[in-house]
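Spelled out from the first residue to the last, the chains are:
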Amino acid sequence: MENKLVILASGRGSNFAAIANAIADGSIPNARIIALISNNADAGAIGIAKRLGIAVRIIHSKNFRQSGQFDRIGYEKELSAVLKELQPNWILLAGYMLILGKEIIQQWANKIVNIHPSLLPAFRGLRAQKQAIEAGVSKSGCTVHFVTEELDDGPIIAQNTVEVLGTDTEETLSQRLLPIEHHTYVEAVSKLCSRSCVIRNGCVEWLA
Ligand code: GRF
């Protein structure tokens, strides 16, 4: 069965590019990216999608912001309609900077996947690499996980570690972690597209 993937990205798009390249070279089997959805018209990810001939849907989140308030319900109504039309098997968040509301998470339960630049459950939220340095840990890493209503929570699909050096800054750690993120996201999506899993007691169990 071919897995239809939709990527949601707000920025640079290097994780998106890693997944697209891995499909092209066969490291992710049985998969096709049917669209990139971005909330940000300036996202680098959009240029990558265009170069690769991948359809782009932009839902401008700035149109839903008024006097500092974000109309999440209005925004997600549009996002929900696009997802319903696309009918993906997997929705992959790759540097998607908006928090998804519970309606979408429930509609697409166990179909939405995220990458976070720490070894969850440590250092949830923004600037995880900075949090790791400030906590003085000697190892950090990244986590690919199913998205649940709790921020940066949810059953873990894949994790890999990176050493944190005494000399590291947020930038140097982020730079060293990035290729590990790419590898981890590819590993996770490849597993999702080639094996079946169930979630039991909040943990992913791989079948056959
Ligand atoms: C990555 O560090 C990812 O873990 C985090 O946002 C960043 C996105 O980078 N969620 P990119 O847009 O994939 O290059």
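Each remark here, short or long, concerns the structure printed above.
Basis of the calculations
Residues numbered from 1 in each chain as written. Predicted model: local features only at pLDDT ≥ 70, side-chain atom pairs only at ≥ 80, totals over all residues. Heavy atoms only, no water. Salt bridge = Lys/Arg side-chain N within 4 Å of Asp/Glu carboxyl O. Helix = DSSP H or I, 4+ residues; strand = E, 2+ residues; numbered from the N terminus. Buried < 20%, exposed > 50% of the residue type's maximum accessible area, 1.4 Å probe, protein only. Phe/Tyr/Trp six-rings, centres within 6.5 Å; stacked < 30°, edge-to-face > 60°. Lys NZ or Arg CZ within 6 Å of the ring centre and 35° of its normal. 1 Å grid on protein atoms, 1.4 Å probe; cavity = no way out; pocket = protein on both sides within 12 Å on 5 of 7 lines; lining within 4 Å. Points joined across faces, edges and corners; volume = space filled by probe spheres on them. Nonpolar A, V, L, I, M, F, W, Y, C, P; charged D, E, K, R; others polar. Axes fitted to C-alpha atoms, helices over the stretch in contact; angles between N-to-C directions. Parallel < 35°, antiparallel > 145°, perpendicular 65-115°, else oblique. Left-handed = near helix turned anticlockwise from the far one by under 90°. Contact = heavy atoms within 4.5 Å. Near = heavy atom within 4 Å. Polar contact = N/O pair within 3.5 Å; in protein donor to acceptor, adjacent residues only side chain to side chain. Areas by Shrake-Rupley, 256 points an atom, 1.4 Å probe, with all protein chains shown as cover. Sits in = over half its atoms within 2 Å of the grid points.

Novice: Account for the pattern of salt bridges, with residues named and values stated.
Specialist: According to the stated counting rule, one finds seven salt bridges in the structure shown. A salt bridge links Glu-2 to Arg-32; its shortest N-O distance comes to 3.2 Å. On the criterion of sequence distance, the pair formed by Glu-2 in the segment before β1 (3-8) and Arg-32 in strand β2 (residues 31-38) is long-range, its members being 30 residues apart. Of the residues examined, Glu-2 reaches a relative accessible area of 41% and is grouped as partly exposed. Close ionic contact of Arg-127 with Glu-170 constitutes a salt bridge, the shortest N to O distance being 2.7 Å. Here Arg-127, found in the loop between β7 (112-116) and α5 (128-135), pairs with Glu-170, found in helix α6 (residues 170-194); they are 43 residues apart in sequence, far enough to count as distant. Take Glu-170: its relative accessible area is 18%, and that puts it in the buried class.

Novice: Tell me about the packing of aromatic side chains, residues and numbers included.
Specialist: All told, the structure shown has three aromatic pairs when counted by the stated rule. Seen in terms of ring centroids, Phe-64 and Tyr-75 are 5.7 Å apart; in terms of plane orientation they differ by 85°. Their pairing is edge-to-face. On the criterion of sequence distance, the pair formed by Phe-64 in the loop between β3 (56-58) and β4 (65-66) and Tyr-75 in helix α3 (residues 72-86) is long-range, its members being 11 residues apart. Here Trp-90 and Phe-146 contribute two aromatic rings whose centre-to-centre distance is 6.4 Å and whose plane-to-plane angle is 40°, an arrangement assigned as tilted. Separated by 56 residues along the polypeptide, Trp-90 in strand β6 (residues 90-93) and Phe-146 in strand β8 (residues 139-146) bring together distant segments of the chain. Judged by its relative accessible area of 1%, Phe-146 falls in the buried class. Feature note: the residues Phe-64, Phe-70 and Tyr-75 constitute an aromatic cluster, connected by ring pairs. Above the plane of the ring of Trp-90 lies Lys-111, whose end atom (NZ or CZ) is 4.8 Å from the centre.

Novice: Provide a residue-level description of the layout of surface pockets, including the pertinent values.
Specialist: Taken as a whole, the largest pocket encloses approximately 970 Å³ of empty space. Along the wall of the largest pocket there are 35 residues; nearest its centre are Gly-95, Tyr-96, Met-97, Ile-115 and Pro-117. Counting residues per element, the ones that place at least two in the lining of the largest pocket are α1 (14-24), β7, α5 and α6. Counting residues per element, the lining of the largest pocket draws most heavily on α6, at four residues. Taken together, the residues of the lining of the largest pocket break down into 16 nonpolar, 13 polar and six charged.

Novice: Let's hear about the packing of α5 against α6: which residues, and what values?
Specialist: Helix-helix packing is described using two parameters, namely the angle between the two axes and the distance between the axes. For the pair α5 and α6, the least separation of the axes is 9 Å and the interaxial angle reads 120°. By the angle between their axes, α5 is oblique relative to α6. In this structure, α5 crosses over α6, and the sense of that crossing is right-handed. In contact with Gln-129, Lys-130, Ala-132 and Ile-133 of α5, α6 contributes Glu-170, Leu-173, Ser-174, Leu-177 and Glu-181. Split into classes, the residues belonging to the contact of α5 with α6 amount to four nonpolar, two polar and three charged.

Novice: Explain the site of the ligand residue by residue, including any values.
Specialist: Around the ligand lies a shell formed by Arg-12, Gly-13, Ser-14, Asn-15, Gly-95, Ile-115, Pro-117 and Glu-181. The side chain of Ser-14 places a nitrogen or oxygen atom 2.5 Å from an oxygen atom of the ligand. In isolation the ligand exposes 370 Å². Once the protein is present, 85% of that is buried. Taking a 2 Å distance to the grid points as the criterion, the majority of the atoms of the ligand fall inside the largest pocket.

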